[in-house]
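Chain by chain, the residues:
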Amino acid sequence: MARNDPNRVAGDLVDRLRAVNSRAIDLTEALHLLSRADQRSFMRDYVDLSLLAEEATETLLPLAEKHGAIIEACGDTAPTLGSEALLLQLATNLVHNAIVHNLPDKGTVWVTTRVHPGTVVLTVENTGETLDPLLVSTLSAPFRRGTERIRTDHAGAGLGLAIVKSITDAHDGNLTLTPRPTGGLCVTVQLPAAAAKLVGLTTPQGRASPWWHGPRALGPKVL
(Lines give C-alpha, C1' and ligand atoms only; values in the text may rest on other atoms or scores of the structure.)
Protein backbone atom coordinates (compact mmCIF):
# COMPACT_ATOMS: atom_id res chain seq x y z
CA MET A 1 0.00 0.00 0.00
CA ALA A 2 2.82 2.41 0.84
CA ARG A 3 4.56 1.66 -2.47
CA ASN A 4 1.35 2.50 -4.40
CA ASP A 5 0.82 5.79 -2.52
CA PRO A 6 1.75 8.61 -4.94
CA ASN A 7 2.59 10.86 -1.99
CA ARG A 8 4.92 8.42 -0.28
CA VAL A 9 8.27 9.73 0.93
CA ALA A 10 9.65 6.58 2.48
CA GLY A 11 10.57 4.61 -0.64
CA ASP A 12 13.88 3.41 0.77
CA LEU A 13 12.15 2.19 3.92
CA VAL A 14 9.54 0.32 1.90
CA ASP A 15 12.27 -1.38 -0.15
CA ARG A 16 14.14 -2.34 3.00
CA LEU A 17 10.99 -3.74 4.64
CA ARG A 18 10.24 -5.71 1.51
CA ALA A 19 13.73 -7.22 1.52
CA VAL A 20 13.52 -8.06 5.22
CA ASN A 21 10.10 -9.67 4.79
CA SER A 22 11.31 -11.68 1.81
CA ARG A 23 14.32 -12.92 3.78
CA ALA A 24 12.06 -13.85 6.73
CA ILE A 25 9.85 -15.89 4.40
CA ASP A 26 12.90 -17.65 2.95
CA LEU A 27 14.19 -18.43 6.43
CA THR A 28 10.81 -19.78 7.60
CA GLU A 29 10.54 -22.03 4.55
CA ALA A 30 14.10 -23.24 5.03
CA LEU A 31 13.46 -24.07 8.68
CA HIS A 32 10.29 -25.95 7.73
CA LEU A 33 12.20 -27.99 5.14
CA LEU A 34 14.98 -28.66 7.64
CA SER A 35 12.44 -29.88 10.22
CA ARG A 36 10.72 -32.08 7.67
CA ALA A 37 14.00 -33.74 6.74
CA ASP A 38 15.04 -34.17 10.37
CA GLN A 39 11.73 -35.84 11.25
CA ARG A 40 11.85 -38.10 8.19
CA SER A 41 8.17 -37.35 7.62
CA PHE A 42 8.10 -38.25 3.95
CA MET A 43 7.22 -41.11 1.65
CA ARG A 44 10.01 -43.06 0.00
CA ASP A 45 9.73 -43.73 -3.73
CA TYR A 46 12.10 -44.99 -6.40
CA VAL A 47 13.87 -41.98 -7.89
CA ASP A 48 16.75 -41.48 -10.29
CA LEU A 49 19.25 -39.13 -8.66
CA SER A 50 20.77 -38.30 -12.06
CA LEU A 51 17.44 -36.92 -13.33
CA LEU A 52 17.08 -34.73 -10.24
CA ALA A 53 20.61 -33.42 -10.75
CA GLU A 54 19.70 -32.74 -14.39
CA GLU A 55 16.59 -30.80 -13.38
CA ALA A 56 18.49 -28.75 -10.80
CA THR A 57 21.17 -27.95 -13.38
CA GLU A 58 18.67 -26.86 -16.02
CA THR A 59 16.80 -24.68 -13.53
CA LEU A 60 19.97 -22.88 -12.46
CA LEU A 61 21.50 -22.34 -15.90
CA PRO A 62 20.30 -18.69 -15.99
CA LEU A 63 21.98 -18.07 -12.63
CA ALA A 64 25.19 -19.67 -13.93
CA GLU A 65 25.10 -17.44 -17.00
CA LYS A 66 24.59 -14.39 -14.78
CA HIS A 67 27.69 -15.31 -12.76
CA GLY A 68 29.75 -16.17 -15.84
CA ALA A 69 30.06 -19.81 -14.76
CA ILE A 70 30.08 -22.92 -16.95
CA ILE A 71 28.33 -26.10 -15.80
CA GLU A 72 29.72 -29.43 -17.00
CA ALA A 73 27.51 -32.40 -16.19
CA CYS A 74 27.41 -36.12 -16.96
CA GLY A 75 26.86 -39.34 -15.12
CA ASP A 76 25.23 -42.70 -14.63
CA THR A 77 21.60 -43.48 -14.01
CA ALA A 78 21.47 -43.52 -10.21
CA PRO A 79 18.36 -45.20 -8.72
CA THR A 80 17.72 -44.75 -5.01
CA LEU A 81 14.81 -44.78 -2.54
CA GLY A 82 13.64 -41.49 -1.10
CA SER A 83 11.63 -38.31 -1.40
CA GLU A 84 11.82 -36.85 -4.90
CA ALA A 85 11.05 -33.35 -3.60
CA LEU A 86 13.70 -33.43 -0.87
CA LEU A 87 16.39 -34.96 -3.07
CA LEU A 88 15.64 -32.37 -5.76
CA GLN A 89 16.10 -29.66 -3.14
CA LEU A 90 19.39 -31.28 -2.11
CA ALA A 91 20.69 -31.23 -5.69
CA THR A 92 19.41 -27.68 -6.24
CA ASN A 93 21.11 -26.35 -3.11
CA LEU A 94 24.41 -27.96 -4.06
CA VAL A 95 24.42 -26.62 -7.63
CA HIS A 96 23.27 -23.19 -6.42
CA ASN A 97 26.07 -23.00 -3.86
CA ALA A 98 28.63 -24.11 -6.43
CA ILE A 99 27.56 -21.31 -8.79
CA VAL A 100 27.35 -18.52 -6.22
CA HIS A 101 30.51 -19.37 -4.26
CA ASN A 102 32.76 -19.47 -7.30
CA LEU A 103 35.24 -17.29 -9.13
CA PRO A 104 33.93 -13.81 -10.01
CA ASP A 105 34.06 -14.76 -13.70
CA LYS A 106 34.82 -17.81 -15.84
CA GLY A 107 34.18 -20.24 -13.00
CA THR A 108 33.28 -23.90 -13.55
CA VAL A 109 30.85 -26.27 -11.85
CA TRP A 110 31.07 -30.03 -12.33
CA VAL A 111 27.99 -32.18 -11.59
CA THR A 112 28.32 -35.96 -11.82
CA THR A 113 26.48 -39.07 -10.68
CA ARG A 114 28.10 -42.45 -10.26
CA VAL A 115 26.99 -45.92 -9.21
CA HIS A 116 29.04 -48.14 -6.93
CA PRO A 117 28.16 -51.50 -5.38
CA GLY A 118 25.26 -50.75 -3.04
CA THR A 119 25.44 -46.95 -3.38
CA VAL A 120 24.78 -44.06 -5.74
CA VAL A 121 26.89 -40.91 -5.57
CA LEU A 122 26.19 -37.30 -6.52
CA THR A 123 29.28 -35.07 -6.69
CA VAL A 124 29.22 -31.29 -7.18
CA GLU A 125 32.55 -29.47 -7.51
CA ASN A 126 33.40 -25.89 -8.28
CA THR A 127 36.33 -23.59 -8.82
CA GLY A 128 36.83 -20.75 -6.39
CA GLU A 129 39.01 -19.43 -3.62
CA THR A 130 41.26 -21.76 -1.65
CA LEU A 131 39.33 -22.83 1.45
CA ASP A 132 40.57 -23.59 4.94
CA PRO A 133 39.74 -27.23 5.83
CA LEU A 134 38.62 -26.06 9.28
CA LEU A 135 36.10 -23.68 7.70
CA VAL A 136 34.88 -26.38 5.33
CA SER A 137 34.22 -28.73 8.25
CA THR A 138 31.69 -26.22 9.66
CA LEU A 139 29.81 -25.31 6.48
CA SER A 140 27.01 -27.84 6.96
CA ALA A 141 26.14 -26.44 10.41
CA PRO A 142 22.90 -24.38 10.49
CA PHE A 143 23.34 -20.64 9.88
CA ARG A 144 27.00 -21.11 8.96
CA ARG A 145 27.51 -19.26 5.67
CA GLY A 146 31.29 -18.99 5.67
CA THR A 147 32.16 -15.30 5.57
CA GLU A 148 35.01 -15.90 3.17
CA ARG A 149 32.58 -17.28 0.58
CA ILE A 150 29.65 -14.86 0.74
CA ARG A 151 28.76 -12.84 -2.34
CA THR A 152 26.53 -9.80 -2.26
CA ASP A 153 23.60 -11.56 -3.93
CA HIS A 154 21.96 -14.93 -3.37
CA ALA A 155 23.69 -15.22 0.00
CA GLY A 156 20.82 -17.31 1.37
CA ALA A 157 19.73 -17.92 4.92
CA GLY A 158 22.79 -19.90 5.95
CA LEU A 159 20.85 -23.16 5.79
CA GLY A 160 21.68 -24.44 2.31
CA LEU A 161 24.27 -27.05 3.28
CA ALA A 162 22.54 -27.72 6.61
CA ILE A 163 19.47 -28.74 4.62
CA VAL A 164 21.64 -30.90 2.37
CA LYS A 165 23.11 -32.59 5.46
CA SER A 166 19.67 -33.22 7.00
CA ILE A 167 18.24 -34.60 3.76
CA THR A 168 21.28 -36.84 3.32
CA ASP A 169 21.01 -38.14 6.90
CA ALA A 170 17.26 -38.70 6.50
CA HIS A 171 18.01 -40.91 3.49
CA ASP A 172 20.64 -42.91 5.41
CA GLY A 173 23.42 -41.40 3.33
CA ASN A 174 26.78 -39.73 3.86
CA LEU A 175 27.82 -36.15 3.07
CA THR A 176 31.47 -35.26 2.50
CA LEU A 177 32.85 -31.75 1.98
CA THR A 178 36.42 -31.49 0.76
CA PRO A 179 38.36 -28.35 -0.22
CA ARG A 180 39.90 -28.64 -3.67
CA PRO A 181 43.70 -28.13 -3.75
CA THR A 182 43.37 -25.61 -6.59
CA GLY A 183 40.49 -23.75 -4.95
CA GLY A 184 36.78 -24.34 -4.57
CA LEU A 185 34.87 -27.16 -2.94
CA CYS A 186 34.00 -30.78 -3.69
CA VAL A 187 30.73 -32.01 -2.16
CA THR A 188 29.85 -35.70 -2.32
CA VAL A 189 26.49 -37.21 -1.37
CA GLN A 190 26.44 -40.99 -1.11
CA LEU A 191 23.03 -42.74 -0.82
CA PRO A 192 21.92 -46.36 -0.71
CA ALA A 193 21.21 -47.69 -4.20
CA ALA A 194 17.86 -49.14 -5.17
CA ALA A 195 17.83 -52.42 -7.05
CA ALA A 196 17.79 -51.50 -10.74
CA LYS A 197 15.48 -54.36 -11.69
CA LEU A 198 12.80 -53.02 -9.33
CA VAL A 199 12.57 -49.73 -11.19
CA GLY A 200 12.89 -51.09 -14.71
CA LEU A 201 16.43 -49.86 -15.15
CA THR A 202 19.34 -51.68 -16.72
CA THR A 203 22.87 -51.61 -15.44
CA PRO A 204 24.08 -48.01 -15.80
CA GLN A 205 26.58 -47.51 -18.58
CA GLY A 206 27.02 -43.74 -18.26
CA ARG A 207 26.00 -40.98 -20.61
CA ALA A 208 28.13 -39.61 -23.40
CA SER A 209 26.29 -36.29 -23.78
CA PRO A 210 25.35 -33.48 -21.36
CA TRP A 211 22.03 -33.87 -19.56
CA TRP A 212 20.35 -30.56 -20.35
CA HIS A 213 18.73 -29.29 -23.52
CA GLY A 214 18.05 -25.74 -22.29
CA PRO A 215 16.89 -23.83 -19.21
CA ARG A 216 13.41 -24.46 -17.80
CA ALA A 217 11.00 -21.68 -16.99
CA LEU A 218 10.05 -23.05 -13.59
CA GLY A 219 12.02 -24.73 -10.85
CA PRO A 220 12.30 -25.31 -7.09
CA LYS A 221 12.92 -22.45 -4.70
CA VAL A 222 16.56 -22.19 -3.65
CA LEU A 223 17.02 -21.84 0.10
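See above for the structure.
Here is a short report on the structure shown in this document.

Description of the environment of Glu 55
Next, step 1: Following the sequence through the fold, Glu 55 ends up in helix H2 (residues 49-59).
Next, step 2: Judged by relative accessible area, Glu 55 falls into the partly exposed class, the value being 21%.
Next, step 3: Sequence separation of Glu 55 and Ala 91 is 36 residues, and the distance between their C-alpha atoms is 8.7 Å.

Focus: the sheet that holds strand E7 (residues 185-192)
Next, step 1: Pairing within the open sheet is mixed, and its five strands lie in the order E2-E4-E5-E7-E6. Edge positions in the sheet fall to strand E2 (69-75) and strand E6 (174-179), since each has one partner strand and no second. Direction aside, the axes of adjacent strands within the sheet are offset by 10° on average.
Next, step 2: As paired strands, E2 and strand E4 (residues 107-116) are joined by seven bridges and run parallel to one another. Looking at E4, one finds that Cys 74 is bridged to Thr 112.
Next, step 3: Lying on the sheet, H2 is in contact with E2, E4, strand E5 (119-126) and E7; it crosses E4 at an angle near 165°.
Next, step 4: Sitting on the sheet, helix H6 (residues 160-170) is in contact with E6 and E7, with an inclination near 145° to E6.

Things to note about unusual backbone geometry
Next, step 1: Non-glycine residue Lys 106 carries a positive phi angle of around 60°.
Next, step 2: Positionally, Lys 106 belongs in the loop between helix H4 (84-100) and E4.
Next, step 3: For Lys 106, a relative accessible area of 70% corresponds to the exposed category.
Next, step 4: Positioned with a positive phi, Asp 172 is a non-glycine residue whose angle comes to about 60°.

A word on the packing of H2 against H4
For any two helices packed against each other, one specifies the crossing angle of their axes together with the interaxial distance.
Next, step 1: Relative orientation of the contacting elements H2 and H4 amounts to 50°, with a least axis distance of 8 Å. By the angle class used here, H2 and H4 are oblique. For the crossing formed where H2 meets H4, the hand is right-handed. Contacts between H2 and H4 involve Leu 52, Ala 53, Glu 55, Ala 56 and Thr 57 from the former and Glu 84, Leu 87, Leu 88, Ala 91, Thr 92 and Val 95 from the latter.
Next, step 2: Among the residues making up the contact of H2 with H4, the classes are represented as seven nonpolar, two polar and two charged.

Observations regarding the pairing of E4
Next, step 1: The sheet contact formed by E4 and E5 spans eight bridges and is antiparallel. Across the sheet, residue Thr 112 finds its bridge partner in E5, namely Thr 123.
Next, step 2: Hairpin connection, E4 to E5: the antiparallel pair is bridged by two residues, and Gly 118 has positive phi, about 85°.

Some remarks on the pattern of salt bridges
When the charged atoms of two side chains with opposite charge come close together, those side chains can pair.
Next, step 1: In total, this model carries three salt bridges according to the counting rule given.
Next, step 2: Residues Asp 172 and Arg 44 are paired through a salt bridge, measuring 4.0 Å at the closest nitrogen-oxygen approach. Of the two residues, Asp 172 sits in the loop between H6 and E6 while Arg 44 sits in the loop between helix H1 (11-39) and strand E1 (45-48), which places them 128 residues apart along the sequence.
Next, step 3: Note on Asp 172: relative accessible area 48%, which makes it partly exposed.
Next, step 4: Arg 44 gets classed as partly exposed once you look at its relative accessible area, which sits at 37%.
Next, step 5: Asp 169 is the partner of Lys 165 in a salt bridge, and the nearest nitrogen-oxygen pair spans 2.7 Å. Taken together, the residues Lys 165 and Asp 169, both in helix H6 and four residues apart, mark about one turn of the helix.
Next, step 6: We classify Lys 165 as partly exposed; its relative accessible area is 30%.
Next, step 7: By relative accessible area, which is 32% here, Asp 169 ends up partly exposed.

What counts as what
Residues numbered from 1 in each chain as written. Predicted model: local features only at pLDDT ≥ 70, side-chain atom pairs only at ≥ 80, totals over all residues. Heavy atoms only, no water. Helix = DSSP H or I, 4+ residues; strand = E, 2+ residues; numbered from the N terminus. Buried < 20%, exposed > 50% of the residue type's maximum accessible area, 1.4 Å probe, protein only. Pairing = 2+ DSSP bridges. Axes fitted to C-alpha atoms, helices over the stretch in contact; angles between N-to-C directions. Contact = heavy atoms within 4.5 Å. Parallel < 35°, antiparallel > 145°, perpendicular 65-115°, else oblique. Left-handed = near helix turned anticlockwise from the far one by under 90°. Nonpolar A, V, L, I, M, F, W, Y, C, P; charged D, E, K, R; others polar. Salt bridge = Lys/Arg side-chain N within 4 Å of Asp/Glu carboxyl O.

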